[in-house]
Amino acid sequence: MRHRQTRTTRGTLSRRSLVHAALAVGAAAVAGIGTSGCGASRTEPSPLATGRGTPMPETTERPGERRILLAYYSRTGENYYYGGRRILEVGNTEVLAGMIRQLIGCDVYEIEAADPYPYSYDATVDRNVREQNDSARPDIANPLRSISDYDTVLVGSPIWNNRVPMIMSTFVESLDFGGKTLYPFVTYAVSGLGSTERDYAASAPSATIGEGLAVRGEEVQSAQSQAEQWLRRLRLRS
Ligand SMILES: Cc1cc2nc3c(=O)[nH]c(=O)nc-3n(C[C@H](O)[C@H](O)[C@H](O)COP(=O)(O)O)c2cc1C
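### Notes on the overall build of the protein chain
When helices and strands are counted, the protein chain shows six helices and eight strands. A burial count over the protein chain gives 43% of its 238 residues as buried. Here the contacts in the protein chain between residues at least 6 apart in sequence split such that 72% fall between residues at least 24 apart.

### Quick word on helix 4 (residues 166-173)
With respect to burial, helix 4 is a largely interior element, seven of its eight residues being buried. For helix 4, the full list of buried residues reads M166, I167, M168, S169, T170, F171 and V172. Tucked inside the fold, the buried residues of helix 4 contact strand 1 (68-72), helix 3 (121-133), strand 5 (152-158) and helix 5 (196-203).

### Things to note about the packing of helix 2 (residues 92-104) against helix 6 (residues 224-233)
Axis separation between helix 2 and helix 6 bottoms out at 10 Å; the angle between their running directions is 50°. The angle between the axes of helix 2 and helix 6 places the two elements in the oblique class. As for how helix 2 packs across helix 6, the hand of that crossing is right-handed. Along the contact surface, helix 2 presents L96, M99, I100, L103 and I104, while helix 6 presents Q224, A227, E228 and L231. Per-class residue counts for the contact of helix 2 with helix 6 are seven nonpolar, one polar and one charged.

### A short note on the site of the ligand
Looking at the ligand, there are 24 residues lining it, with G91, T93, P158, T187 and G217 nearest. Take the shell around the ligand: its biggest share by element is four residues, from helix 3.

### Describing unusual backbone geometry
One non-glycine residue, Y82, lies in positive phi territory at about 45°. Here Y82 falls in the exposed class, since 11 other C-beta atoms lie within 10 Å of it.

### Observations concerning the environment of N162
The topology assignment puts N162 in the loop between strand 5 and helix 4. The sequence separation of N162 and G194 amounts to 32 residues, and the corresponding C-alpha distance is 4.9 Å. Aside from chain neighbours lying at most four places away, what touches N162 is S191, G194 and S195.

### Some points on the pairing of strand 2 (residues 77-81)
Looking along a regular strand, one sees side chains alternate from face to face of the sheet. Sheet analysis places strand 2 next to strand 3 (residues 84-88), joined by five bridges and oriented antiparallel. In the sheet register, N79 faces strand 3, and the bridge partner there is R86. Hairpin remark: strand 2 followed by strand 3, antiparallel, with two residues in the connecting loop; positive phi at Y82, about 45°.

### Some thoughts on the packing of helix 4 against helix 5
Put simply, helix 4 and helix 5 touch, their axes get as near as 9 Å, and they point 35° apart. For the crossing formed where helix 4 meets helix 5, the hand is right-handed. Touching S169, V172 and E173 of helix 4 are D199, Y200 and S203, all from helix 5. A breakdown of the residues in the contact of helix 4 with helix 5 according to their chemical character gives two nonpolar, two polar and two charged.

### Notes on the environment of I159
Take I159: it is sitting in the loop between strand 5 and helix 4. What makes I159 buried here is the crowd of 22 C-beta atoms within 10 Å. Considering only alpha carbons, one finds I159 and Y188, 29 residues apart in sequence, at a separation of 5.3 Å. The contact partners of I159, leaving out residues within four places of it in the chain, are V164, V186, Y188, S191 and G194.

### Points about the nonpolar core
Counting 48 residues, the largest nonpolar core has L69, L70, A71, L96 and I100 as the members making the most contacts within it. Where this core is concerned, the elements lending two or more residues are strand 1, helix 2, strand 4 (107-110), strand 5, helix 4, strand 6 (181-188), strand 8 (213-216) and helix 6. Sequence-distant contacts of L70, defined by excluding residues within four places in its chain, comprise A97, I100, R101, C106, D107, V108, L154 and G156.

### A short note on the environment of R232
With respect to the helices and strands, R232 occurs in helix 6. A C-alpha to C-alpha distance of 10.0 Å links R232 and I104, two positions 128 residues apart in sequence.

### Details of helix 6
Looking at helix 6, one finds that the buried residues are A227, W230 and L231. In an axial view of helix 6, the angular spread of the buried residues amounts to 95°, which keeps them on one side of the axis. Residues of helix 6 that are exposed and point more than 90 degrees away from the buried face comprise S225, Q229, R232 and R233. On its buried face, helix 6 sits against helix 2 and strand 8. Positive phi appears at R235, one or two residues downstream of helix 6, with a value of about 60°.

Quick notes on the rules
- Residues numbered from 1 in each chain as written.
- Predicted model: local features only at pLDDT ≥ 70, side-chain atom pairs only at ≥ 80, totals over all residues.
- Helix = DSSP H or I, 4+ residues; strand = E, 2+ residues; numbered from the N terminus.
- Buried ≥ 20, exposed ≤ 12 C-beta atoms within 10 Å, placed from the backbone.
- Contact = placed C-beta atoms within 7 Å.
- Axes fitted to C-alpha atoms, helices over the stretch in contact; angles between N-to-C directions.
- Parallel < 35°, antiparallel > 145°, perpendicular 65-115°, else oblique.
- Left-handed = near helix turned anticlockwise from the far one by under 90°.
- Nonpolar A, V, L, I, M, F, W, Y, C, P; charged D, E, K, R; others polar.
- Near = placed C-beta within 6 Å.
- Pairing = 2+ DSSP bridges.
- Core = buried A, V, L, I, M, F, W, Y, C linked by C-beta atoms within 7 Å.
- Arc of directions from axis to C-beta.

Have a look at this one:
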């Protein structure tokens, strides 16, 4: 069952709003998120290439700039909530991605599963266990062709069974991270970063894996200052 839909509720980041945010100055109404552009200090952001024949974007490079891409996967539907369950209209990681984007401005790319994960929490747990056991690489519906326009990539996801979902390995392994710095960020229930840094180091051996950020999913709405401090430590925000 496909449950992700384009959303325009305040506080959310719809896929289309994210993908087009780089171009859509004035789309700030979506999600209450600034659309002043992407890239830490870039005012003419590049659109995102999302594969499937999409041409690569024109970029406006300026010497000395850090060119930043935020890529994330997040799932809506029934999820874990303080030992119980709650329906998430917007995934926790997507909320965090929106905060980060608002704090630094950056191009944003949402990873979508070609075979979307179930609405049901338990069914998602079951599928994820199978995928982990099989070392699966689930297909991405909207693969990115290249990250050559970027030198810094923030990669966000939930923690599933103590690691990043296998689709994150699909994503990282499909791209050339040589010379790039990958900063992971996750939302979780109990595990913190789990094995995230090791997962990405294995999938992208040519990348420099930087400090990660772990935010508890249930508390993501109040994670702004945590995200801000992290970005300051990374020198992505002054
Ligand atoms: C399949 C599945 C497995 C999970 N496994 C873990 C886990 O091992 N450790 C943990 O801390 N949280 C785990 N969680 C909770 C999620 O990491 C947490 O709710 C996260 O904020 C969800 O992010 P999302 O809404 O962006 O998908 C799991 C959730 C799901 C759906």
